[in-house]
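Working through the structure, step by step
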Amino acid sequence: MARKNLFNIADADAGRPGFNTPGSESAQPEPLTISQPIDETDIRRRQPYREGKRAVMFFLSEEAFSQMHVLLARQGRRKVQSLMEELVDDWFRRENAPRVVK
């Protein structure tokens, strides 16, 4: 089921002036100052369960997506992650490739 568009940009009222708070017409914004340097290692650090793993993304139809979650619920699985790992491991087995999924 596709999402309904809630806003059409072509219908926007572009003739109206932007909102200004009282007294802000002549006031210049203060420049931002950074009190502490940003440590990029904190930003780029992965969550522990993602360490050593790479993302794989694909798209499913709405029907397939719903059916997958119904089957996961029936099997008592909590996450799509475990299903995908099992499917990749099974595919490796069928192709006689080394099985690396743990």
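Summarised in this report is the structure supplied together with it. (Residues numbered from 1 in each chain as written. Predicted model: local features only at pLDDT ≥ 70, side-chain atom pairs only at ≥ 80, totals over all residues. Heavy atoms only, no water.)

Between its first and last C-alpha atoms helix 3 (residues 80-94) spans 21 Å; for 15 residues at 1.5 Å apiece the expected length is 21 Å, and the two agree. Buried within helix 3 we find Leu83, Asp89 and Phe92. Each element contacted by the buried residues of helix 3 is listed here: helix 2 (62-75). At the C-terminal side of helix 3, Asn96 shows a positive phi close to 55°. (Helix = DSSP H or I, 4+ residues; strand = E, 2+ residues; numbered from the N terminus. Expected span 1.5 Å × (residues − 1). Buried < 20%, exposed > 50% of the residue type's maximum accessible area, 1.4 Å probe, protein only. Contact = heavy atoms within 4.5 Å.)

The next subject is unusual backbone geometry. Even without glycine at this site, Asn96 takes up a positive phi of about 55°. Structurally, the position occupied by Asn96 is in the segment after helix 3.

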